[in-house]
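Residues per chain, in single letters:
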Amino acid sequence: ALALPLFGYFETNRLLGGPTTNNRIMSGRLDSSSSLTSSSSKVNNYWTFTVLLVFVLFLVDGFNTKTDFNVGRYQQKKETEVVNNEFGGIGAVSAPDDENLSEKEVIGITSFDIAKIEQSDLMPNPEKLKFIVVENLIEREKLREILNDFPPALDSTTLANKKNVEKKDVLKTGQVKGTYAELLKDVESDAFRDAVGAKLGINLKGWHNRVTLRGACEPNPCGGMDSIHVDHKAKAVSVLIYLNEETLDETDYHGGDLLFLRNKKSLDDANIVARVPSFGGTMVAFRNYRNVKGQKEAIHGLRPFTGKRRAVQVNWCKSKTCQ
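Residues numbered from 1 in each chain as written. Predicted model: local features only at pLDDT ≥ 70, side-chain atom pairs only at ≥ 80, totals over all residues. Heavy atoms only, no water.

## Points about the packing of aromatic side chains
Applicable threshold: Centre distance within 6.5 Å is the pairing criterion for rings of Phe, Tyr and Trp, where only the six-membered ring of Trp is used; planes under 30 degrees apart are then read as stacked, over 60 as edge-to-face, and the remainder as tilted. Comment: elements are numbered from the N terminus, with helices defined as DSSP H or I runs of at least four residues and strands as E runs of at least two. Between buried and exposed lies partly exposed: a residue is buried under 20% and exposed over 50% of the maximum accessible area for its type, with that area taken using a 1.4 Å probe on protein chains only.
For the structure shown, the criterion picks out five aromatic pairs. For the pair phenylalanine 112 and phenylalanine 192, a centre-to-centre distance of 5.6 Å together with 55° between the ring planes defines the contact as tilted. Of this pair, phenylalanine 112 sits in the loop between α3 (103-108) and α4 (115-118) while phenylalanine 192 is found in helix α8 (residues 190-200), placing the two residues 80 residues apart along the sequence. Phenylalanine 112 sits in the buried class, given a relative accessible area of 7%.

Right, dumping it as structure tokens:
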């Protein structure tokens, strides 16, 4: 841009008949006044064009400088971010790659290692049901902490024996706190949703999330033939995380364990597709569309059991009214 005025100086001399311009001299005299006026006009046009061009070049250069500054500021922001998590902890973490937008959220999950879900495989079965089982998703030490914070109301006769205890009903008691509260937040996170959906072959983004809680099968037992069912068709996916520290039934009967069944006719061994150990922080997640291509109904139930049967259930549904 700075070279243009210098070039203009020499061009002006040429147009006005300066020392560098000889073709304007005719018979020892300058051209007529009309020729001089024409030259002056050309000079004015030239300098107008030059000034405009210089102005445009500076604008372009300024735009690039601003863009580079913004890019640098964005990259610097990505390199280190300060994250204030929902539980008051503050720390610096590396920013996520564009291909993994949930990394910050994964770091914020404290109840379990989400990599265990990502590394799991669909369970092979003759009914072609889509489900995964992750044993010890919650480590034993963390599970004990959660049980120490377990809401007593879920063990009481007020909320016990209800098939699905809504989270809001337990929140009203003021007993949702500590590591149990963290668990509920973790299962409602986008990172958990995406990990489960990826394994089951469904994008759950935008689906409605519902969390229900379980505490006790007493004084009345849970299970039996009445427990055999297929989840409501509005539900895309069901997840259960079992919180009992020890096995529910040490006998071969396995009372209280979730059973996937071939049909709704019995709970006998011959009718069982798979049994899920329902304790020790184990998680089961399964598709329950009744119209999944190539999949039969995800029929499930449990044999009778009396006692504490603690669990968190998560569903993703088409509508807010998740049955």
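Here the narrative resumes, following the displayed structure.
## A few points about the pattern of salt bridges
What counts here: The salt bridge definition used is simple: a Lys or Arg side-chain nitrogen within 4 Å of an Asp or Glu carboxyl oxygen.
As enumerated under the stated definition, the model contains 15 salt bridges in all. Residue glutamate 166 is joined to arginine 210 by a salt bridge in which the shortest nitrogen-to-oxygen separation is 2.4 Å. Here glutamate 166, found in strand β4 (residues 165-166), pairs with arginine 210, found in strand β5 (residues 208-222); they are 44 residues apart in sequence, far enough to count as distant. A relative accessible area of 23% places glutamate 166 in the partly exposed class. Residues glutamate 218 and lysine 308 are paired through a salt bridge, measuring 2.5 Å at the closest nitrogen-oxygen approach.

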